[in-house]
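Structural description and commentary
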Amino acid sequence: MPEPTKKEEPSKEKEARTTPAKEWSLGESPAGEEQDKQNANSQVSVLFVEKPQGGTVKVGENITFIAKVKAEDLLRKPTVKWFKGKWMDLASKAGKHLQLKETFERQTRMYTFEMQIIKAKENYAGNYRCEVTYKDKFDTCSFDLEVHESTGTTPSIDIRSAFKRSGEGQEDAGELDFSGLLKRREVKQQEEEPEVDVWELLKNANPSEYEKIAFQYGITDLRGMLKRLKRMRRVEKKSAAFAKILDPAYQVDKGGRVRFVVELADPKLEVKWFKNGQEIRPSTKYIFEHKGCQRIMFINNCQMTDDSEYYVTAGDEKCSTELFVREPPIMVTKQLEDTTAYCGERVELECEVSEDDANVKWFKNGEEIIPGPKSRYRIRVEGKKHILVIEGATKADSAEYSAMTTGGQSSCKLSVDLKPLKILTPLTDQTVNLGKEICLKCEISENITGKWTKNGLPVQESDRLKVVHKGRIHKLVIANALTEDEGDYVFAPDAYSVTLPAKVHVIDPPKIILDGLDADNTVTVIAGSKLRLEIPISGEPPPKAIWSRADKAIMEGSGRIRAESYPDSSTLVIDVAERDDSGVYHINLKNEAGEAHASIKIKVVDLPDPPVAPNVTEVGDDWCIMNWEPPAYDGGSPILGYFIERKKKQSSRWMRLNFDLCKETTFEPKKMIEGVAYEVRIFAVNAIGISKPSMPSKPFVPLAVTSPPTLLAVDSVTDTTVTMKWRPPDQIGAAGLDGYVLEYCFEGKPPKIRIPRHLKQTYIRRVGEAVNLVIPFQGKPRPELTWKKDGADIDKNQINIRNSETDTIIFIRKAERSHSGKYDLQVKVEKFTESASIDIQIVDRPGPPQTVKIEDVWGENVALSWTPPKDDGNAAITGYTIQKADKKSMEWFTVIEHYHRTNATITELVIGNEYYFRVFSENMCGLSEDATMTKESAVIAKDGKIYKNPVYEDFDFSEAPMFTQPLVNTYAIAGYNATLNCSVRGNPKPKITWMKNKVAIVDDPRYRMFSNQGVCTLEIRKPSPYDGGTYCCKAVNDLGTVEIECKLEVKVIYQGVNTPGQPVFLEGQQQLLHNKDF
């Protein structure tokens, strides 16, 4: 058995008998930590209701530590952690020998936290700590565990297990963690050196070196050792019982033998030996010897459990010492080897040490590797083998790695390179139709990330653009392709200089947009004017447009009829339109995506041809009846009516007879002079204008008709004859009397209805207007009249009918739509009847369209459609008006008016805005009172970009008063009102005060003050010379005050000449001078 290691020097023994024991300087940090722990355990607890208490357990037995926390003031469960020593979190060590448990009692609202140690081993002894945290509150408690050897048993524990630091979840997890060794240090394998006294090292070392010394020399419980050293610092008093006391500390290697010696002053005193307060009995391990006054105790086969405090008593006195058992250093038996690997592979660095489950630290370029849940580094221990595992190695893992034990170190170099990259499936160029999906796909030999670029710029993901990486396959998917998606795309794998290019070409079949034309695609142009017909087109690439007419192409150039091409439109130009230009024109679009065709009818309208010369069919005393034929050519637009002119044959001045168009081809000129020859002519009118006049009619002379013969009487009657007598007419016209015409008829006169000309067409009135129609008729005796509406009798409560001997009147005070219909008039005289019909139409504004829908939204465009109104107002729908409103302001703006179709495309909308639309119906009465609005809104968003509304600070409109137009010096005339004007601005609105010669003008009836839109006016009523002086306008608000002055001079008017320099007034003249500077 080797001799115990004990540092005793003769000179020091002699000094010890005469002087007290020397105090060792252990540094401030350990003592401070120990004091903090004592203070923490003694102070009032913040969260703990019951703290865990230290305990003692025998090897192989169980022990439980309990901590309790009151939950009355806690909103959630507190966080509790259990530690061994300074750093080791026991939550990761739970397993076969350690279990953590927590419970909650609802009645008492108490949290109970338990830590149970199962089948305790000697290396479980040491200091433990429990920490509880809740929000900003923190509480901690330290306690000790002592593990004693079972009675009657021989220690069989592997001492080296006290120093092992294995992975998480193993049964016997270690407890050492020396942060002082994190920095790189070089440990060289040295030859066996002489025995080192750790006590002396700790005594003379700086406290920051304690952990380094403990790891190097196998000290397992540094905190316990420092704690015991602290107790040794107290100075031993001179003892009467002991002539020589125990040394302050003893050190022995594990498995060695140590010898404790004391010398008594009185050999008769009884001596007892103690270990941690328990008396030591003689055994094979503990051997006692007596040599004179010396009392000796040997401890054989020292183990880690013998590392403790010992003391010996003699009578009422005792002396103590500390025994420290040092574990032999761990040596590296198999060195690390340099390794080369590829990126993404799993790398294992392996070494072997001299003991199983030894504590080994790993370093990368001198910095300690600390495995964790999120770390790619993992340490695996298999007996004496220690393996560092690197999952998914990268180039950043290339470094020098080392494994360090208490007795040696091994290093190696790891080189991680990229695997040669192979392109299995390259990108391919694609040509995609607009609106379809673009999918760029490639496959490479390695599962690595990469970057996509478009035209050299990084590709940003959006709702429409997705980047997919699945294994070795990379995809770029673009939904609903747009023209801006065209370009050069490149995929670049990370960490490689290889690039995979592809070109994307977006095409769109050509389209011709004819929304702006009528339903039949007809364009009307006035002859002689210039037509520029611009047709919007679309397509990608821009299509080529070809115009043609009658299979003859219209070329681009400088001709009168030519075509012009633009990127988004094609234009047909006719410089001076002629009648022969009317016809059907064709536009053909073509690009690589397809073709499009459309036909457009161009109608050239002109003034109508003049009608032929009119015919005069009847002549009266001052009237005539004329008729004519419509012109052969109406100018391409329907004839709206005619103007009639007449003149005397000898004159050259024509006079128009009607100012309202004559709709028919018959007219009755009146108010002519009997016996004077006249000529008449006709003008035809269409929507374009008035034609040239027709040729004059043949001259005609109005002649008065003679009056009826008088005193007509029957002279005699026979069976077959009647003899009649009469007197000549009282009046005979200028044409003279040529003879008489005799007629006879049966008794009574057949009826005849004379329908006015304006009632021969449909009579139209608006709702609420009055209807008053007079229909003349003839017949004798007085005929019988019958009115019917739509075949039924007329309700006289709604429609008034008044009849006389010569006419009938139909009267409606306030027309309603129910009054519309066909009115039939029947006039009956005996067995003769005459019938006539009148169509009356009462119209009103239409109702709104039934529904308005948003069909599609693309780019800056929105497609709308709607259904015609259910109520057309009893008149044909002539068009629709579409309005838009931004959702933010909801202010409506008209987009299209008088639109004939039931679908439209709204263009040039603002990107980023959200719009609503509404549609009005329109007929001859006007727009509908209400409009139908879309239920949904249309969002005009730019793909791939998210518009963030800018934040605008409220603008400060406040402003001090300021005169924008000053007062000017003014002359006034006595007796005539004078005004002084100026303009001022400011916010808040300034208060205006007028002053004369620095005196405020208040409640003076001679002055009137006005202020309108910032213009301030002072009116001086009939001033006199005494009203002259200096006038001042003062404006005041919260931000300041401003004043402005002017001079007013009042002059008196005299007869004759005034003094020089004064205005001159003649007698009876007056002059008022205003706004004139001196």
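Calculation rules
Residues numbered from 1 in each chain as written. Predicted model: local features only at pLDDT ≥ 70, side-chain atom pairs only at ≥ 80, totals over all residues. Heavy atoms only, no water. Helix = DSSP H or I, 4+ residues; strand = E, 2+ residues; numbered from the N terminus. Buried < 20%, exposed > 50% of the residue type's maximum accessible area, 1.4 Å probe, protein only. Areas by Shrake-Rupley, 256 points an atom, 1.4 Å probe, with all protein chains shown as cover. Pairing = 2+ DSSP bridges. pLDDT = per-residue confidence, 0-100. Contact = heavy atoms within 4.5 Å. Axes fitted to C-alpha atoms, helices over the stretch in contact; angles between N-to-C directions. Phe/Tyr/Trp six-rings, centres within 6.5 Å; stacked < 30°, edge-to-face > 60°. Core = buried A, V, L, I, M, F, W, Y, C linked by side-chain atoms within 4.5 Å.

1. Observations concerning the overall build of the chain
- Broken down by element type, the chain carries five helices and 79 strands.
- Out of the 1078 residues belonging to the chain, those deemed buried represent 39%.
- Counting every atom, the chain has about 62,000 Å² of accessible surface; 49% of that belongs to carbon and sulfur.

2. Things to note about the pairing of strand S46 (residues 624-627)
- In S46, alternate side chains face the same way, and those of Cys624 and Met626 are buried while those of Ile625 and Asn627 on the opposite face are not.
- Bridge count for strand S45 (residues 615-619) against S46 is four bridges, and the pairing is antiparallel. In the strand pairing of S46, Glu618 is matched with Ile625.
- Between S45 and S46, which pair antiparallel and follow one another directly, the connecting turn spans four residues.
- Direction of pairing for S46 relative to strand S49 (residues 666-667): antiparallel, over a ladder of two bridges. Of the residues in S49, the one forming a bridge with Asn627 is Thr666.

3. Quick notes on the confidence of the model for the chain
- Across the chain, pLDDT averages 82, with 84% of residues at or above 70.
- Overall, residues 1-43 carries pLDDT values under 50, and its contacts beyond four positions in sequence, including any with other chains, amount to 72 contacts.
- With pLDDT under 50 throughout, residues 152-194 is counted as low confidence; its partners more than four residues away or in other chains account for 98 contacts.

4. A closer look at the pairing of strand S64 (residues 879-886)
- The element S64 is extensively covered by neighbouring structure, given that seven of its eight residues are classed as buried.
- For S64 and strand S65 (residues 892-899), the ladder comprises five bridges, and the chain directions are antiparallel. Looking at the pairing, Lys884 lines up with Phe893 of S65.
- Between the antiparallel neighbours S64 and S65 lie five residues, among them Met890 with a positive phi of about 55°.

5. Here we look at unusual backbone geometry
- The linkage connecting Lys780 with the following residue, Pro781, adopts the cis geometry, with an omega of -10°.
- Mapped onto the elements of the fold, Pro781 is located in the loop between strand S55 (771-780) and strand S56 (784-789).
- A cis amide bond links Asn987 to the next residue, Pro988, at an omega of 5°.
- In this structure, Pro988 sits in the loop between strand S73 (978-987) and strand S74 (991-996).
- Backbone geometry at Asp551 places phi at a positive 65°, although glycine is not the residue there.
- Relative to the elements of secondary structure, Asp551 occurs in the loop between strand S39 (544-549) and strand S40 (552-554).
- A residue is classified by how much of its surface remains accessible, and Asp551, at 81% relative accessible area, is exposed.
- Although it is not a glycine, Gln1013 sits at a positive phi angle of roughly 55°.
- Among the secondary structure elements, Gln1013 is positioned in the loop between strand S76 (1007-1012) and strand S77 (1015-1020).
- In this structure Gln1013 comes out as exposed when scored by relative accessible area, which is 78%.

6. Examining the sheet that holds strand S10 (residues 242-244)
- Strands sit in the order S10-S12-S16-S15 across an open sheet of four strands; the sheet is antiparallel. Only two strands of the sheet have a single neighbouring strand rather than two, namely S10 and strand S15 (286-291). For this sheet the average axis-to-axis angle between neighbouring strands, irrespective of direction, equals 30°.
- Bridge analysis of S15 against strand S16 (residues 294-299) gives six bridges, and the strand direction is antiparallel. Bridge assignment links Tyr286 to a residue of S16, and that residue is Ile299.

7. Looking at the packing of aromatic side chains
- Going through the model one piece at a time under the given rule, you end up with 17 aromatic pairs.
- Ring centres of Phe65 and Phe143 lie 4.7 Å apart, and the angle between their planes is 35°; on these two criteria the pair is classed as tilted. You can see Phe65 sitting in strand S3 (residues 63-70) and its partner Phe143 sitting in strand S9 (residues 137-148), a full 78 residues away along the chain. Phe143 shares its class with Phe65; the two are buried.
- Ring geometry for Tyr128 versus Phe143: centroids 5.9 Å apart, planes at 15°, classification stacked. In this pair, Tyr128 sits in strand S8 (residues 126-134) while Phe143 sits in strand S9, placing the two residues 15 residues apart along the sequence.
- Judged by relative accessible area, which is 3%, Phe143 ranks as buried.
- Taken together through their ring pairs, the aromatic side chains of Phe65, Trp82, Tyr128 and Phe143 make up a single cluster.

8. Notes on the nonpolar core
- Ranked by size, the top nonpolar core spans 28 residues in total, and within it Phe65, Val69, Trp82, Met115, Ile117, Tyr128 and Leu145 carry the most contacts.
- Among the elements of the structure, S3, strand S4 (79-84), strand S7 (110-117), S8 and S9 are those that each provide at least two residues to this core.
- With sequence-adjacent residues up to four places away left out, Ile117 is seen in contact with Glu61, Asn62, Ile63, Phe65, His97, Leu98, Tyr124, Tyr128 and Leu145.
- Residues Leu517, Ile535, Ile537 and Ala563 belong to the second largest nonpolar core, which totals 24 residues.

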